[in-house]
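The residues making up each chain are set out below.
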There are 2 protein chains.
Amino acid sequence: MAAHPFDPISDAEIRLTSKLIKNSYGKDQRIRFSQIDRQDPPKQDMLRYLEAEKAGKTLPQISRITYAFYYVGKDFYKALVNATYGHLITTQKQGKGVVGPMIGDDVAALEHLLTIHPIVQAEVKKLNLPPHIKVVCDPWIYGTDDDNEDRLLVQCYMYLANANHPESNHYSLPLKFSPVFESLTNEFVRMDYLPAGTDATSLQDTEPWTDFSLVEYHPDLNGEPLRPLKPLVVQQPEGPSFNVDGHKITWQGWEFTVVPNSREGFAIYDIHFKGRSVIYRLSLSEMTVPYGDPRAPYHRKQAFDLGDAGFGATGNSLKLGCDCLGVIKYFDCTITDSKGEPRLIPSTVCLHEQDGGLLYKHMNYRTGSAVTARRREFVVQTIATVANYEYLLNIIFDQAGEVRIHVRATGILSTMPIEKDKTVNWGTNVGPLVMAAYHQHLLSFRIDPAVDGYNNTVVYDDVERMPTGTDFNPYNVGFFTKRTVVDKPGYVEQSPFTNRSYKIINENVINQTTKRPVGYKILMPARQMLLADDDSFNAKRAHFATQQLWVTKYQDNELYAAGEFTNQSHVDTGLKEWAYRKENVRNSNPVVWATLGFTHIPRAEDFPVMPVETHEIGIVPHDFFEKNPALDVPQSTQSFNKSAYYPDSSKSDSCCKTAL
Amino acid sequence: MAAHPFDPISDAEIRLTSKLIKNSYGKDQRIRFSQIDRQDPPKQDMLRYLEAEKAGKTLPQISRITYAFYYVGKDFYKALVNATYGHLITTQKQGKGVVGPMIGDDVAALEHLLTIHPIVQAEVKKLNLPPHIKVVCDPWIYGTDDDNEDRLLVQCYMYLANANHPESNHYSLPLKFSPVFESLTNEFVRMDYLPAGTDATSLQDTEPWTDFSLVEYHPDLNGEPLRPLKPLVVQQPEGPSFNVDGHKITWQGWEFTVVPNSREGFAIYDIHFKGRSVIYRLSLSEMTVPYGDPRAPYHRKQAFDLGDAGFGATGNSLKLGCDCLGVIKYFDCTITDSKGEPRLIPSTVCLHEQDGGLLYKHMNYRTGSAVTARRREFVVQTIATVANYEYLLNIIFDQAGEVRIHVRATGILSTMPIEKDKTVNWGTNVGPLVMAAYHQHLLSFRIDPAVDGYNNTVVYDDVERMPTGTDFNPYNVGFFTKRTVVDKPGYVEQSPFTNRSYKIINENVINQTTKRPVGYKILMPARQMLLADDDSFNAKRAHFATQQLWVTKYQDNELYAAGEFTNQSHVDTGLKEWAYRKENVRNSNPVVWATLGFTHIPRAEDFPVMPVETHEIGIVPHDFFEKNPALDVPQSTQSFNKSAYYPDSSKSDSCCKTAL
């Protein structure tokens, strides 16, 4: 059976793509692949396909197109391959200054190289380490501070750890030197020395290290006696309420297709609820993590976790009974290695149901009778480990037509050395000799809507006081909503104090109850956006992170908020371009980009591993249905839920006491 | 055994209180009780008591003091009783204009009276209703629009419903007349006629009603075939991880005392984590719900759900297997009836554990080994039904020292009549002939802190850009925090774009890791506050709702944000007074009042019963512990959690494919 156009790239497609590319070059060329994945089908073609599929008609043929990012020597290329017909469409050498995503194999090789590299080892020797202490290196995204730099560079941050345990927390003891290497050639570029005081001065002389107080998180090492905890088991004795067919999920009136990929972790396509279309494509589009320590080389700490590394490529292999409870379905992610061979990362996406408390309740105080429904949720989850940090990305569906983007940040802070008894006001000491600089996490979510069809309009509503002292509002208590239509691409500023709410409406479909256009609302808390100055590289590279809500007009292949190539980029080639085109987005195909940001001021409790910090965006029906669409959810009852009383004697006779 | 000073009021104490009061008046007096409960013990005495209790020393004697609100004829009184020694301390007639909380029995009696009252029935007769349609009345808080009104009044909103089913949704068909009665005398005051067009005109002539299209929520009536859903069962085979001793809970390092009461639903006292004090008392303090429809009589729709009615008095009797899952402990609430006799509302507070997803995770990408802990949560929940609306109040504790205030609004919109084919920009049509006006829910939470002791300080931190173009910040990427100390009572404005965060710190205790004072952070989303004009009764009565964060200096008996008596109040006698005193709150005993507000623009989906709208405040340790306090939580494993694979064949061999 032919692959569905939405299906993820297959092993065969990765091999075909790399083979066609390799064949097009001479045998002696050193070709190293950075990323191979399938390209999204053109939307217009895909809409015809989905329409035919729903109608049970003959399906139009859509070629599967793959793309590859690769290096030939030090030159960076992008190629497109028609995997259906097996031919190379194009190979294009990218312009000066364009650098591709990190190559995982090369990073691992570099880590090994450092253990034998004479310059680095000469520096290590000066530390005069005891045998139970080892040096660990985290190769880091280099960032940008020079418009003329176009080598693929790696900033190697160095740490100490316990040599006797593989899970010792090296982030606890950062060293004060940091070699820079060129990735493709493994050439040593420069030794950076790190400031560790309260100013920008860095000591160029590495001295013997004496204090080895490590703050450990691993249960073998952290020294904490386990606290007793009894099991809380989620069981689904009759099985799950969802069905999986290939990559298509049906659950509680929802239908959608979940597809893992290298860059975004996964994307969700063609989302319908109760037979009506809501969203064509939903994904995490980019994330940038700029740090607020301005001292070299920290000023370059600005990772783009999707564009530089990839949420699929850094996806965790999720484990049964560990990362979620109940009955779990897993999807795998297949990426390329540097040679163009497929590499499977098993179970990077998990799908399951969870209880979400009550969905609605009303108790009639006259009769004491209550109508109560619980909120069952369906979760699509991936967890990415981007070196030190973990991100849990959940897309959560409920039974009343709501989609929630739920992000949890956890993992380990990226740390810097700090001298004894020093503190700074741009970072927090999280252990002896270790400081975690303030930083930001700015995630862009791309919502390609399809609210009852593909001609949609973005509007926002503010709530304002009515004019006071009028005949109509004599007691000065009235308020009303004022609607603004977004007809051109651009951004909309947050305005929490006017209760500004963003909606994607379909002006062509009127809700018969409210007499207003059908729509979905984007619920997003007001947040501090990018702090770096507008003229900084940080801001130029991540223009998307300067505002919380963007609107562009749909174009094929415009998927990533900061542009296709972010590693060591000098400028945002995504929203910075697309949001400033002069075109109409009203009653058209607008795309909404929502920036979920948080400024992270580390606290002592965030180390050595950070309790989750949770952030959400809601995508909520607003006049989409004519009434609550979840009235058909079964009532919450004891025969269904099987709860138990806390085992004490006082309760048993409570129901026999006088009732209200 | 003597009652603990924190124990809720007993049946005997209610009877003693009412008896002492009744005995103090002549036999022929008509005394009607509005509220009887115990008063909080004086804090200084209580601190000595708790200290002795922890040290196992002789406990100081603290008298149990009860209070009663009651009417003698039309005069409103407050009395205090020493329940330990059994004597009346004081009875005080309240000043002109002070009105007490609604008397539940009288409201019920009024509902019955209307079914026979000649003026009301004459109006009903004009409707010419068929036999299967009945009239229902919701007696409503009267609100305020006249400084000279001091009668306890009730605005009776009238509706139609299906006479053949007790759970028919009368909010679906509001009538256009609304009688006003005096509660204590049951005297008819006036017939109000309701505007139902797009202006303030109301038709004084009640006409025959012809359209009986009801939008029903009850499963018997809503006409929706049930959607299939399979059970998701939470089991705790080894029992819960919490222990209940009287009203004291111990769980996962936490210790606190949960006490139901008439007004607040419950309060939580003396909260400790890992042996260190965090909060002395935590409670919902007040809630106001003002409506934005300025037309008479709607301009008076401003309920104070705690002060006018009471969250305990309107508490739901929670049902096993319905309102929460797992192993549940319930507490009851005992209120007074109008005669001063105790009335038990069983199971108004439930206590249980729930799974909250992951608490933290880190995967070492070099070894593939992950450290993963799940977040077990402990929930204290109450659900209040204030006529049409339901509020779910959860206080949630986690294993890492965090307390979360979690509020869900559900239930049924308060509705107004609207003529066919009319719409307005201050309300949403939610069915035929029915409109739901825009309104706000503004909840005040009172946090009486005890961060490592009772001398605390409130501060707030803003995150700002460093000066640009300097030697220290040459790339213009630096940012830092700026701290402001709150040394006088007052409010602090929200400032989401500077990432303003509020902290309660103890300046006398320095965190040994960060070298900064220990503290807890108050996480609160920026929200639109009260929309009514500053000169309106709405604003004067609910001054607390004009700002999100208030600080006062602790005084005994200052518990309720809008003051002790809110029903038909003319002015806020709470924060409006306490937050403007000239006194020092630094390194003292500040009390923090957090207003959680949301402007509710009804959508079609909110009717006939509303899917929950969720709002949260976090109370999060910030440099309170020297590292993550949850490193001792057992790892999340399959042997503990017992999850299951989704039953398809594709999964079984996945672990045999090439691993990363």
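Procedures and definitions
Residues numbered from 1 in each chain as written. Chains lettered and ligands numbered in written order. Predicted model: local features only at pLDDT ≥ 70, side-chain atom pairs only at ≥ 80, totals over all residues. Heavy atoms only, no water. Salt bridge = Lys/Arg side-chain N within 4 Å of Asp/Glu carboxyl O. Phe/Tyr/Trp six-rings, centres within 6.5 Å; stacked < 30°, edge-to-face > 60°. Helix = DSSP H or I, 4+ residues; strand = E, 2+ residues; numbered from the N terminus. Buried < 20%, exposed > 50% of the residue type's maximum accessible area, 1.4 Å probe, protein only. Pairing = 2+ DSSP bridges. Contact = heavy atoms within 4.5 Å. Buried area = accessible area lost by both parts, 1.4 Å probe. Nonpolar A, V, L, I, M, F, W, Y, C, P; charged D, E, K, R; others polar. Least-squares fit on C-alpha atoms with pLDDT ≥ 70 in both. Arc of directions from axis to C-beta.

Applying the stated criterion to the full structure yields 100 salt bridges over all chains. Between aspartate 448 of chain B and arginine 446 of chain B there is a salt bridge, with the nearest N and O atoms lying 3.9 Å from each other. Among the ionic contacts, a cluster of salt bridges with common partners joins Arg375, Glu377, Asp398, Glu402, Arg404 and Glu616 of chain A.

Attention now goes to the packing of aromatic side chains. Across all of its chains, the model carries 68 aromatic pairs over all chains by this definition. With a centroid separation of 5.6 Å and an interplanar angle of 85°, the aromatic rings of phenylalanine 273 of chain A and phenylalanine 625 of chain A are classed as edge-to-face. Note that phenylalanine 273 of chain A is positioned in strand E14 (residues 265-273) and phenylalanine 625 of chain A in the loop between strand E33 (610-621) and helix H8 (638-641), a separation of 352 residues in sequence. For phenylalanine 273 of chain A, a relative accessible area of 0% translates into the label buried. For phenylalanine 625 of chain A, a relative accessible area of 6% puts it in the buried group. Aromatic pair tyrosine 389 of chain A and tyrosine 391 of chain A: ring centres 5.9 Å apart, planes at 40°, arrangement tilted. Given the relative accessible area of 3%, tyrosine 389 of chain A is considered buried. Connected via pairs of aromatic rings, a cluster forms that spans Phe242, Trp251, Trp254, Phe256, Phe273, Phe378, Phe397, Tyr520, Phe624 and Phe625 of chain A together with Tyr646 of chain B.

All names here are of chain A. The buried fraction of strand E13 (residues 254-261) amounts to seven of the eight residues, a majority that puts the element mostly inside the structure. Of the pairings in the sheet, the one linking strand E12 (residues 248-251) to E13 comprises four bridges and is antiparallel in character. In the sheet register, lysine 248 faces E13, and the bridge partner there is threonine 257. Hairpin geometry of E12 and E13 is characterised by an intervening segment of two residues between the two adjacent antiparallel strands and by a positive phi of about 50° at glutamine 252. Of the pairings in the sheet, the one linking E13 to E14 comprises seven bridges and is antiparallel in character. Bridging across to E14, tryptophan 254 finds its partner in phenylalanine 273.

Our focus in this paragraph is the interface of chain B and chain A. Each partner contributes to the interface: chain B provides 196 residues, whereas chain A provides 197 residues. Taking both sides of the interface into account, the surface hidden between chain B and chain A amounts to around 16,600 Å²; carbon and sulfur atoms contribute 56%. If you sort the residues of chain B by the area they bury against chain A, Arg227, Phe479 and Tyr646 of chain B come out on top, with a joint share of 6%. Remark: the boundary between chain B and chain A carries 16 salt bridges. Here glutamate 224 of chain B and lysine 627 of chain A are joined by a salt bridge, their closest N and O atoms 3.3 Å apart. Broken down by element, the residue count for the side of chain B that touches chain A peaks at 16 residues, all from strand E17 (residues 342-363) of chain B. Along the lines of polarity and charge, the residues of the side of chain B that touches chain A split into 90 nonpolar, 64 polar and 42 charged. Pairing between strand E17 (residues 327-336) of chain A and strand E33 (residues 644-645) of chain B: two bridges, direction parallel. Looking at the pairing, valine 327 of chain A lines up with alanine 644 of chain B of E33 of chain B.

Before going further, it helps to spend a moment on the relation of the copies chain B and chain A. Note on the copies: chain B fits chain A at an RMSD of 0.0 Å, the axial shift is 0.0 Å, and the rotation between them is 180°. Put plainly, the chains are arranged around a two-fold axis. Taking C-alpha positions as the reference, the residue of chain B nearest the rotation axis is valine 234 of chain B, at 2.3 Å. Most of the interface of chain B is mirrored in chain A: 100% of its interface residues are interface residues there too.

Residues and elements named next belong to chain B. All of the buried residues along helix H3 (residues 104-114) are Asp106, Val107, Leu110, Glu111, Leu113 and Leu114. Down the axis of H3, the smallest arc covering the buried residues is 160°, so these residues share one side. In H3, those exposed residues whose orientation departs by more than 90 degrees from the buried face are Gly104 and His112.

As far as function goes, none of this settles anything; it's purely spatial.
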